[in-house]
Amino acid sequence: MSQVLAPPGRPHGAPAPSPAVATGRARRDAVVRLGAGTGLWGALLLVTYWWAAGGGVQDLTGWSTGLTSGGRLLGLLASVLLLAQVLLMARVPLLEAAFGQDRLARVHRWVGFCSFDLMLAHVLAIIWGYAAGQVTQVPTTAWDLLVNYPGMLLAAAGTVALVMVVATSIKAARRRLRYESWHLIHLYAYLGVGLALPHQLWSGQEFLASTVRTVFWWSAWGVTMAAVLTWRVALPLARSLRHRITVTSVVQEAPDVVSVYMRGRDLHRLGAEAGQFFGFRFLDGRGWMRNHPYSLSAAPGQGTLRISVRTAGDGGQRLRRLRPGTRVLIEGPHGRLSARARTRRGVVLIGAGVGITPLRALAEGLSYAPGEAVVLHRFRERPLFGQEFQTLAHERGLRVVDLPGPRRTGGSWLGVGTPPMDDTTALQFLVPDIAERDVYVCGPAAWAADVRRAVIAAGVPTQRLHIEDFGG
Ligand SMILES: Cc1cc2nc3c(=O)[nH]c(=O)nc-3n(C[C@H](O)[C@H](O)[C@H](O)COP(=O)(O)OP(=O)(O)OC[C@H]3O[C@@H](n4cnc5c(N)ncnc54)[C@H](O)[C@@H]3O)c2cc1C
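Values in this document were obtained by computation on a predicted structure and should not be read as measured data.

Participant: I'm lost on the site of the ligand in this one. Help?
Facilitator: With respect to spatial proximity, 18 residues lie near the ligand, and among them Asn-291, His-292, Pro-293, Arg-310 and Gly-315 are the closest. Separating an oxygen atom of the ligand from a backbone N or O atom of Gly-315 is a distance of 2.7 Å. With respect to the ligand, the backbone of Gly-316 contributes an N or O atom lying 3.1 Å from an oxygen atom. Starting from 880 Å² of accessible surface for the ligand in isolation, the protein chains cover 72%. At the level of elements, strand S5 (292-295), strand S6 (304-310) and helix H13 (314-320) are the ones that each hand at least two residues to the shell around the ligand. The element contributing the most residues to the shell around the ligand is S5, with four residues. Partitioned by chemical class, the residues of the shell around the ligand number seven nonpolar, eight polar and three charged.

Encoded structure:
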């Protein structure tokens, strides 16, 4: 293990928010998180109240009326969650900043499975209820509902689309699919949600019972659709057109890593911070439609952006061949692995492999005094950005701890070169006051999970632990 203890130096890099400003933003984000949770639970309680006020509970006393009434409630809850699920992935800036995209994706997955289960239960209960509670009548009733009730054919098509999305999102199925195929199928979720809408608005008793309820549901659908169109389609397009980003050069950093340097107009207006990532589409020919998330590997400078990418896959290989002048479409900036999440002056940045990229940008973009920022850098043979870290150590007092070698066995996040101590003890040995610091972690998913365990065991509360994994 080599360790560089650097002398104090002058501040360097793009202007960064001070910890006080960051703490203010952390408080605002906490308020947004509370508001979002309250809003969702509030909407679920409100539709349940409307259902109960409309006689839903009394109807539960009979078998077939109970099935229909219970089915209606299940449908209402499923609808609220279905909309919440779409909204969670609409890239709404307030939600993105408050939760971070990976946390939103986790909640989206959970809400998605819940809404899907409720939707299936709703379909079964309603059909069974309309069949007067007799199982033998279910097939003919289902057919009758399908062909004679307004919007039902569309709803059935929507259900099929959602079944396809959920089936391919189950972990075992997802592992077998190429990312691109899974992603394409996932877009059918919008179709599924859209096709379910007419039967609710045309024939749903709960939707039409009063003007307030009709306004509530139309607004909920309208706001969700507007959010998707604004933040997933219009804003990325407008930003890409406005900033006219192009590739300036591609530089080899390591045998399997290249850095892509880009420039554009008024990039400071993007509001990007060190540690964040963008979705990138390089307009270099076939396959340009694929959007790949890459973190900035340097603090965003005056009119320039830099990403550093492992060239193992198809997308990475293409970057090797990019020519200067290639136009770039962007989506973002995204992510909370930035000064926004910071609550303390002391920070520890723990990265492995190409996961060191956003931490390299943070080491440049964060404000800190000598000794306040420490980098624990895991790599096999040669450190990525070794020279740049040395410069930051000399100029700004960044403490850099290299942790080389292949990974130890038995679920350890450390390298074989580390002294023989357990993960948590090693962490406390390397950074004795780690429990008093914010900890930023980035690397492969399984490795990041091992670091998380050790960091929490070392006494760091989860709200001061900021993790982004690159998948894999
Ligand atoms: C927030 C975030 C930031 C990232 N930052 C960096 C970075 O700075 N440098 C870097 O080298 N890598 C980064 N990655 C990982 C990088 O996005 C994927 O490795 C890359 O998209 C894989 O595409 P490929 O065609 O090169 O490889 P493939 O061999 O096609 O894919 C390898 C695996 O990557 C995942 N993947 C593929 N395409 C995508 C996609 N469009 N979006 C998300 N995951 C995908 C899938 O799980 C797939 O199995 C980041 C990932 C995330 C989520």
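There is more to say after this.
Participant: What is the right way to look at the nonpolar core in this model?
Facilitator: One broad trend across soluble globular proteins is that nonpolar side chains are buried collectively. Within the largest apolar cluster, 38 residues are counted, with the highest numbers of intra-cluster contacts made by Val-47, Leu-162, Val-193 and Trp-217. Of all the elements in the fold, those that place two or more residues in this core are helix H1 (19-53), helix H3 (63-88), helix H4 (93-99), helix H5 (101-130), helix H7 (152-169), helix H10 (188-203) and helix H12 (211-243). The element contributing the most residues to this core is H3, with 11 residues. Other than its neighbours up to four places away in sequence, Val-47 contacts Leu-76, Leu-77, Val-80, Phe-216 and Trp-217. One finds Ala-341, Leu-359, Tyr-368 and Cys-442 within the second-largest nonpolar core, a separate group that totals 25 residues.

Participant: Explanation requested: a nonpolar patch on the surface in the structure shown.
Facilitator: Together, Trp-63, Trp-128 and Val-135 make up a nonpolar patch on the protein surface, roughly 330 Å² of accessible area in all. Position of Trp-128 among the secondary structure elements: in helix H5.

Participant: I'm lost on the pairing of strand S8 (residues 347-352) in this one. Help?
Facilitator: Look at any regular strand and the pattern is simple: side chains alternate between the two faces of the sheet. Among the six residues of S8, six are classified as buried, and the element is accordingly described as predominantly covered. By the alternation rule, side chains of S8 split into Val-347, Leu-349 and Gly-351 and Val-348, Ile-350 and Ala-352, which are all buried. Inspection of the sheet shows S8 paired to strand S9 (residues 373-378) by six bridges, in the parallel sense. Bridge pairing links Gly-351 to His-377 in S9.

Participant: Please clarify how the packing of aromatic side chains should be interpreted in this entry.
Facilitator: What characterises a pair of aromatic rings is the spacing of the ring centres plus the angle enclosed by the ring planes. In total, this model carries nine aromatic pairs according to the counting rule given. Measuring from ring centre to ring centre gives 5.3 Å for Trp-50 and Phe-216, while their planes differ by 80 degrees; the resulting arrangement is edge-to-face. Of the two residues, Trp-50 is situated in helix H1 and Phe-216 in helix H12; the sequence distance between them amounts to 166 residues. Relative accessible area serves as the criterion here: at 11%, Trp-50 is assigned to the buried category. Centroid distance Tyr-130 to Tyr-149: 6.0 Å. Interplanar angle 85 degrees. Geometry classified as edge-to-face. Taken together, the residues Tyr-130 in helix H5 and Tyr-149 in the loop between helix H6 (138-148) and H7 connect sequence positions 19 residues apart. Note on Tyr-130: relative accessible area 43%, which makes it partly exposed.

Participant: How should unusual backbone geometry be read in this particular structure?
Facilitator: The phi angle of most residues is negative, glycine excepted, and most peptide bonds adopt the trans form. Pro-333 follows Gly-332 through a cis peptide bond whose omega is 10 degrees. The topology assignment puts Pro-333 in strand S7 (residues 327-334). Look at Arg-91: it is not a glycine, yet its phi comes out positive at around 60 degrees. Here Arg-91 shows up in the loop between H3 and H4. Of note in this structure, Arg-244 is not a glycine but carries a positive phi near 40 degrees. Position of Arg-244 among the secondary structure elements: in the loop between H12 and strand S2 (245-254). On the basis of relative accessibility, which here comes to 42%, the residue Arg-244 falls in the partly exposed class.

Participant: Explain helix H9 (residues 179-186) to me, please; I cannot follow it from the model alone.
Facilitator: Each turn of an α-helix holds 3.6 residues, which means side chains three or four residues apart point in the same direction. Buried residues of H9: Trp-182, Ile-185 and His-186, and no others. What you see down the axis of H9 is that its buried residues fit within an arc of 105 degrees, all on one side.

Participant: Looking at this model, I keep getting lost on the environment of Phe-470. Mind explaining?
Facilitator: Note that Phe-470 resides in the segment after strand S12 (465-469). Sequence separation between Phe-470 and Thr-326 is 144 residues; the distance between their C-alpha atoms is 25 Å. For Phe-470, the residues in contact, after removing those within four places along its chain, are Ser-295, Val-354, Gly-355, Thr-357, Pro-358, Cys-442 and Gly-443.

Here is what the cut-offs are and how they apply
Residues numbered from 1 in each chain as written. Predicted model: local features only at pLDDT ≥ 70, side-chain atom pairs only at ≥ 80, totals over all residues. Heavy atoms only, no water. Near = heavy atom within 4 Å. Polar contact = N/O pair within 3.5 Å; in protein donor to acceptor, adjacent residues only side chain to side chain. Areas by Shrake-Rupley, 256 points an atom, 1.4 Å probe, with all protein chains shown as cover. Helix = DSSP H or I, 4+ residues; strand = E, 2+ residues; numbered from the N terminus. Nonpolar A, V, L, I, M, F, W, Y, C, P; charged D, E, K, R; others polar. Core = buried A, V, L, I, M, F, W, Y, C linked by side-chain atoms within 4.5 Å. Buried < 20%, exposed > 50% of the residue type's maximum accessible area, 1.4 Å probe, protein only. Contact = heavy atoms within 4.5 Å. Patch = residues over 30% accessible without salt bridge, like charges linked within 9 Å, V, L, I, M, F, W, Y side chains within 5 Å. Salt bridge = Lys/Arg side-chain N within 4 Å of Asp/Glu carboxyl O. Pairing = 2+ DSSP bridges. Phe/Tyr/Trp six-rings, centres within 6.5 Å; stacked < 30°, edge-to-face > 60°. Arc of directions from axis to C-beta.

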